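Examining the three-dimensional arrangement
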Amino acid sequence: MRVAMIGCGYVGLVSGACFADFGHQVTCVDKDAGKIARLRAGEIPIFEPDLDRLVTANAREGRLDFSTELPGPVAQAEAVFIAVGTPSRRGDGHADLSYVLTAAREIAAAVSGFTVIVTKSTVPVGTGDEVERIMTETRPDADVAVVSNPEFLREGAAIQDFKHPDRIVVGTADERAKKVMADLYRPLYLNQAPILYTSRRTAELIKYAANAFLATKITFINEIADLCEKVGGDVQQVARGIGLDNRIGGKFLHAGPGFGGSCFPKDTIALIKTAQDAEAPLRIVETVAAVNDARKRGMARKVAAALGGSLRGKTIAVLGLTFKPNTDDMREAPSIPLITALTDMGARVRAYDPVGMPQARRVLSDIEYADGPYACAEGADALVIVTEWEQFRALDLERIKAVMKQAVLVDLRNVYRTEDVDGFSYHSIGRPDRG
Ligand SMILES: NC(=O)c1ccc[n+]([C@@H]2O[C@H](COP(=O)([O-])OP(=O)(O)OC[C@H]3O[C@@H](n4cnc5c(N)ncnc54)[C@H](O)[C@@H]3O)[C@@H](O)[C@H]2O)c1
């Protein structure tokens, strides 16, 4: 089947490459000419494990190509995916739909023959209706069906998630569109991935409800961690103790510095706004967003407390900048408010991240960057682990201790066990301090 993927970001590029790998003929389109030039030269503009191999192999076999021109690929496609960004709108937090609606207008002008327009971007309920309105207004002659097919992949494990989804959600009442979607995803449901057909509005809501629920789970365990610190308990054991209950499940119960990333922060806020407009406020999600927001900056106070209260003149080494491991994505990373707060409190910050430093330099320009964890720790008063990259799990702690000014370790991801950090003053999340 011929597919046009509009938007070559984390979702568009991964989805496009995976559909090509299933055997479809895919053109990925992006307005960013630099991105397309790099992709055509065989360079991957983002860091995502295994994506380079998948893109190169499918491009070489002629199933995947890249273009800045939307009309040609759209005219030829039986399915056109909208995978452009939906960031928070400045000022009010609603989802900014300008990229989606612009893409819809461009697609409307170019479609030819029966075409399924699939919204993969995360969009508020009712956006599919708006895309359909644009189609019928711009091209009353066009034969199209507008479908919602939200994406649930996680950065850092995007290909695995796309190819082994827990479910595929398809929101449409159009039988021809259902058949096209089933053909597109056939390799996956041959693999037993359930396809859930719903109304378009329901599909749009499923995506936001899923993200809001996961964000709630994280925030819940973060607050339990705070309670553990006050009353004496170990949040990891609490998480295990509740997570073994099948009704709860152990995932998304890792206490930490608060959720960040390209999805949870903006999607929770957008859902809150939708619900307020609909006069069905989501009080739980409102609280989750507020608690999480305060938590990220609050982590700086934890660092200060580990150093006796004041950070003025202190050097803080930060390990990990991206919002999670195995991505270079810095969007809403907890490291940003944390580092800003550390510098506001008078500290000098030196940071290291295995892949995120080029992106980080754009948002955190006033700090020093090191070229490895040991260089980062040199002369520091405290070492703070912010992102749990694999390489930070087995640091040579003796070597770290030897180069630091004070052996203070603040582990915001509970990477180490208290018994592993001999000789350090050790502070983690929701567990007893040591030293
Ligand atoms: N990143 C994730 O992990 C993830 C997971 C699930 C869902 N989503 C959702 O998927 C959508 C895309 O997210 P992303 O992280 O891939 O975004 P992104 O910002 O990485 O990429 C979006 C791309 O779209 C391009 N673009 C914008 N308008 C265009 C147009 N009219 N024509 C062609 N290209 C255009 C931009 O240049 C950019 O390259 C968002 O709605 C997001 O919420 C993201």
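Fair warning: this is a prediction, and the values are worked out from it, not measured in the lab.

**Some details on helix α1 (residues 10-21)**
Compared with the 16 Å implied by 1.5 Å per residue over 12 residues, the 17 Å span of α1 between its first and last C-alpha is a close match. When you tally the buried positions in α1, you get 10 out of 12 residues, the bulk of the element. For α1, the complete set of buried residues consists of Y10, G12, L13, V14, S15, G16, A17, C18, F19 and A20.

**Let's talk about the pattern of salt bridges**
Counting across every chain of the model gives 35 salt bridges. Measuring nitrogen to oxygen at the nearest pair gives 3.0 Å for the salt bridge that ties E132 to R200. Of this pair, E132 sits in helix α6 (residues 127-138) while R200 sits in helix α10 (residues 200-231); the two residues are 68 residues apart in sequence, bridging distant segments of the chain. Overall, the relative accessible area of 35% leaves E132 in the partly exposed class. Connected through shared salt-bridge partners, D129, E132, R200 and R201 make up one network.

**A look at the site of the ligand**
Every one of the 27 residues lining the ligand counts as a neighbour, but D30, K35, T86, E155 and K266 are closest to it. Between the ligand and V11 there is a distance of 2.8 Å, counted from an oxygen atom to a backbone nitrogen or oxygen. K35 is positioned with one of its side-chain polar atoms (N or O) 2.6 Å from an oxygen atom of the ligand. Here the ligand, which alone exposes 840 Å², has 89% of that area covered by the protein. Top contributing element to the shell around the ligand by residue count: helix α5 (residues 98-110), with three residues. Looking at side-chain class alone, the shell around the ligand contains 11 nonpolar, seven polar and nine charged residues.

**Looking at the environment of G260**
Topologically, G260 is positioned in the loop between α11 (235-243) and α12 (264-277). Classification of G260 as buried rests on a relative accessible area of 11%. Along the chain, G260 and S335 lie 75 residues apart, while their C-alpha atoms are 9.1 Å from each other. With near-sequence residues (within four places) excluded, G260 lies in contact with P265, K296, F323, R331, E332 and P334.

**Observations concerning the pairing of strand β4 (residues 79-82)**
Here β4 shows no split at all, with A79 and F81 on one side and V80 and I82 on the other all buried. By the bridge criterion, four bridges tie strand β1 (residues 2-6) to β4 in an arrangement that is parallel. Across the sheet, A4 pairs through a bridge with V80, a residue of β4. As judged from the four bridges shared by β4 and strand β5 (residues 115-119), these two strands associate in the parallel manner. Bridge pairing in β5 links V80 to I117. What joins β4 to β5 is α5, and the crossover it makes is right-handed.

**Digging into the sheet that holds strand β11 (residues 368-369)**
Strand order in the open sheet formed by six strands is β11-β10-β9-β12-β13-β14, and the pairing between neighbours is parallel. Each edge of the open sheet is held by one strand with a lone partner, namely β11 and β14 (425-428). The pairing of strand β13 (residues 408-411) with β14 spans four bridges and is classified as parallel. Note on β14: the bridge partner recorded for V408 is S425. Sheet strands in contact with helix α13 (residues 283-306) are β9 (315-319), β12 (382-385), β13 and β14, and its direction is about 155 degrees off that of β13.

So, how was this worked out
- Residues numbered from 1 in each chain as written.
- Predicted model: local features only at pLDDT ≥ 70, side-chain atom pairs only at ≥ 80, totals over all residues.
- Heavy atoms only, no water.
- Helix = DSSP H or I, 4+ residues; strand = E, 2+ residues; numbered from the N terminus.
- Expected span 1.5 Å × (residues − 1).
- Buried < 20%, exposed > 50% of the residue type's maximum accessible area, 1.4 Å probe, protein only.
- Salt bridge = Lys/Arg side-chain N within 4 Å of Asp/Glu carboxyl O.
- Near = heavy atom within 4 Å.
- Polar contact = N/O pair within 3.5 Å; in protein donor to acceptor, adjacent residues only side chain to side chain.
- Areas by Shrake-Rupley, 256 points an atom, 1.4 Å probe, with all protein chains shown as cover.
- Nonpolar A, V, L, I, M, F, W, Y, C, P; charged D, E, K, R; others polar.
- Contact = heavy atoms within 4.5 Å.
- Pairing = 2+ DSSP bridges.
- Right-handed = clockwise from strand over helix to strand, strands pointing away.
- Axes fitted to C-alpha atoms, helices over the stretch in contact; angles between N-to-C directions.

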